[in-house]
Each structure stands twice: as C-alpha cells, then as structure tokens.
Amino acid sequence: MTRGFYIGRFQPYHEGHHRVVEAISDEVDELVVGVGSGDKSHSTRNPFTAGERVMMITKALVDVDVVTYVVPIEDINRNAVWVSHVQSMTPKFDVAYSNNPLVIRLFGEAGVEVRQSPMFERDVLEGTEIRNRMVQDEDWRELVPDPVAGVIDEIDGIERIRQVSDTDAG
Ligand SMILES: Nc1ncnc2c1ncn2[C@@H]1O[C@H](COP(=O)(O)OP(=O)(O)OP(=O)(O)O)[C@@H](O)[C@H]1O
Ligand SMILES: NC(=O)c1ccc[n+]([C@@H]2O[C@H](COP(=O)(O)O)[C@@H](O)[C@H]2O)c1
C-alpha cells in the first residue's frame, strides 16, 4: 500500500493540477492532497478560502480512481519544522509530489522521498495566468475542470477576485 501527498495552493485547482493527480493515481493506492496556505484567502494571490478549495478539489476528483483525502495546511513561520507540521495534519504518506524548490528541499532534508512531475501546458495552466484572466474578463473556464468552474460560480468568485485585486491586499 502506497500513499502519496501532493501539496499546492490550488488558487484555483486547474487542469495542470488535475493531470498531475491523474498521473499520481497510477503510482499510488491513496492520495493526500494538501491545500497549502490554508489560512490565506481574499487576496490577489490567494483569493479562495481553504474550504472553497476543498470543494473544488473534492468535486474534481470524483471521477479519479484513487482514494483521496483533502487536507488544508496552514502556513507557519518556521520552514525548519514545516514537514512535521504537515505530517501532524495528514494521514501518513510515503512519497511527496511537488515541483516547488523549497518544498522539495524541506521534504528531502526530512528524509521523505519527493517526486517531481512534468509541467503540462505551463503557458496557460498556471494559477497566476488563470486569476489574471478572471480579473480581465478573458476565457478561463476551459483551463479548470468543470466542477471547479461550478464552485467558482456558486461562491461568486469572479466578483471577489476582481474586488480583492482592486485593493493593495497583495
Ligand atoms: N501546468 C502544470 N503542470 C504540472 N504541474 C503543475 C502545473 N501547474 C502547477 N503545477 C504544480 O502543482 C503544484 C501546486 O501548484 P500551485 O498551486 O502553486 O499552482 P500554480 O499554477 O503554480 O499557481 P500560482 O501561479 O498561483 O503559483 C506545484 O508543484 C506546481 O509546480
Ligand atoms: N513555512 C511554511 O509554512 C511553508 C514552507 C514550505 C511550503 N509552504 C506552503 O506549501 C505550499 C506549496 O505549494 P505551491 O507549490 O503551490 O507553492 C504553499 O501553500 C506554501 O505556502 C509553507
């Protein structure tokens, strides 16, 4: 039995993340999805709450053939103990998936195996690009799984992201 861990901010969860999860599901029996920066919301870089991101991911993963646990992870101000913090919040996992250099280093130093994934269509499948399109009223729906667009509509997310990007909230 192998359990994997995939961490990201998922602002929002997009088709690039989904392709990574589909690839991971061929390698592991169970998957823990860590919703990073779980304490952040209502800012330009992190518009959606942890709960909203849990909804996006849970609904998008309905058709993926792997047992999945979606767990919000708050940021902490000590990188040196972040892996322990993550492990204290999640089911036990054997391998972590990330392309983030800091995350790779922290797991590596803690003795956790890390696997990186190829980047899929990174010119468009990037959270920053998708959030910019939302603010500028450009096409974004084809870049996220259908259930994610449904959640964003349900929470009036476009109105929120436009309003928070008008502020200096960062
Ligand atoms: N298109 C993609 N293909 C493969 N992996 C991706 C893709 N986009 C993001 N990832 C990876 O998924 C993980 C989580 O990414 P994250 O939630 O930061 O999304 P992002 O698209 O990089 O968003 P942002 O622009 O907001 O930083 C990271 O390891 C990241 O490298
Ligand atoms: N000290 C910390 O709280 C710490 C350290 C490393 C990564 N993280 C988080 O892990 C997540 C990594 O995801 P991304 O690859 O999407 O950036 C982010 O939410 C980031 O804030 C937090």
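Definitions and limits used
- Residues numbered from 1 in each chain as written.
- Chains lettered and ligands numbered in written order.
- Predicted model: local features only at pLDDT ≥ 70, side-chain atom pairs only at ≥ 80, totals over all residues.
- Heavy atoms only, no water.
- Pairing = 2+ DSSP bridges.
- Helix = DSSP H or I, 4+ residues; strand = E, 2+ residues; numbered from the N terminus.
- Axes fitted to C-alpha atoms, helices over the stretch in contact; angles between N-to-C directions.
- Near = heavy atom within 4 Å.
- Polar contact = N/O pair within 3.5 Å; in protein donor to acceptor, adjacent residues only side chain to side chain.
- Areas by Shrake-Rupley, 256 points an atom, 1.4 Å probe, with all protein chains shown as cover.
- Nonpolar A, V, L, I, M, F, W, Y, C, P; charged D, E, K, R; others polar.

**A look at the sheet that holds strand β4 (residues 95-97)**
The strands that make up a sheet are held in pairs by hydrogen bonds between backbone atoms, and each pair lies either parallel or antiparallel. With parallel pairing, the five strands of this open sheet are ordered in space as β3-β2-β1-β4-β5. Two strands in the sheet have a free side with no partner beyond their single neighbour: β3 (67-72) and β5 (113-115). Ignoring strand direction, the axes of neighbouring strands in this sheet form an average angle of 25°. Pairing of strand β2 (residues 30-35) with β3, which is carried by six bridges, proceeds in the parallel orientation. What sits directly across from Val-33, in β3, is Val-70.

**Observations regarding the site of ligand 1**
Around ligand 1, the structure places 22 residues, and the nearest of them are Tyr-6, Phe-120, Gly-127, Thr-128 and Arg-131. Phe-10 is positioned with one of its backbone polar atoms (N or O) 2.9 Å from an oxygen atom of ligand 1. Within the side chain of Arg-122, a nitrogen or oxygen atom sits 2.8 Å from a nitrogen atom of ligand 1. Here ligand 1 has 600 Å² of accessible area as a free molecule, and 90% of this is covered by the chains. Of all the secondary-structure elements, those providing two or more residues to the shell around ligand 1 are β1 (3-8), α1 (15-25) and α5 (127-135). A per-class count over the shell around ligand 1 returns eight nonpolar, ten polar and four charged.

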